[in-house]
Amino acid sequence: MRLTRHERAALHRIETQLGRADPELAWRLRTFEPADAAEDAPVSWRPPRVAVAVAAAIVAVMVFFLAVIVLSVNQPCSPAPGRADAPATTGPRTC
C-alpha cells in the first residue's frame, strides 16, 4: 500500500526523532524487513505432497471400482437363433 506524501513526511520525522533518542532501536527498525515486503514477492503455490498422494489414491480407488462395476455387469443375452418368434417374457434366457 502506498503512503501519501504527508504520511511519508510524518514517518520521516518520527524516524529522525527516534534516531536521536535511541539510535540502536532506530537501526533495528531500519534493518527489519516488513511483513508486506514478502507479500510483493511472487508466490508459487504447490499443494503438500500428502495431499497429492491422497488425491492419487482416491482416483485409483475410483478407477478400480469403476472397472469392477463395468466388468461385473452382464450384458443382455440375445435369444437363440431359432427362437426369434418366442416372446421375451417366457422365462430366463440362457447364454
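Everything that follows concerns the structure shown earlier in this document.
Reference entry: report on the structure contained in this document. Bear in mind that the values here come from a model prediction, so they are computed numbers and not experimental data.

### Here we look at the overall build of the chain
The helix and strand inventory of the chain stands at four helices and zero strands. Moving toward the C terminus, one meets the helices and strands of the chain in the order α-α-α-α. The burial tally for the chain puts 1% of its 95 residues in the buried class. Here the chain displays about 9300 Å² of accessible surface, and carbon together with sulfur accounts for 64% of that area.

### A look at the pattern of salt bridges
Taken as a whole and assessed by the stated rule, the structure comprises one salt bridge. The partner of R30 in a salt bridge is E15, and the shortest N-O contact between them spans 3.9 Å. Placement of R30 in helix α2 (residues 23-31) and of E15 in helix α1 (residues 5-21) is noted, with a sequence separation of 15 residues between them.

### Quick word on the packing of α1 against α2
Following both chains from N to C, one finds α1 and α2 inclined at 135 degrees, their axes separated by 5 Å at the closest point. One element, α1, and the other, α2, form an angle in the oblique class. Between α1 and α2, the residues in contact are E15, L18, G19, R20 and A21 and P23, L25, A26, L29 and R30, respectively. Its residues assigned to classes, the contact of α1 with α2 shows six nonpolar, one polar and three charged.

### Looking at a nonpolar patch on the surface
Residues V50, V54, I58 and M62 make up a contiguous nonpolar surface patch of about 390 Å² in total accessible area. Along the chain, the position of V50 falls in helix α4 (residues 49-72).

Conventions we followed
- Residues numbered from 1 in each chain as written.
- Predicted model: local features only at pLDDT ≥ 70, side-chain atom pairs only at ≥ 80, totals over all residues.
- Heavy atoms only, no water.
- Helix = DSSP H or I, 4+ residues; strand = E, 2+ residues; numbered from the N terminus.
- Buried < 20%, exposed > 50% of the residue type's maximum accessible area, 1.4 Å probe, protein only.
- Areas by Shrake-Rupley, 256 points an atom, 1.4 Å probe, with all protein chains shown as cover.
- Salt bridge = Lys/Arg side-chain N within 4 Å of Asp/Glu carboxyl O.
- Axes fitted to C-alpha atoms, helices over the stretch in contact; angles between N-to-C directions.
- Parallel < 35°, antiparallel > 145°, perpendicular 65-115°, else oblique.
- Contact = heavy atoms within 4.5 Å.
- Nonpolar A, V, L, I, M, F, W, Y, C, P; charged D, E, K, R; others polar.
- Patch = residues over 30% accessible without salt bridge, like charges linked within 9 Å, V, L, I, M, F, W, Y side chains within 5 Å.

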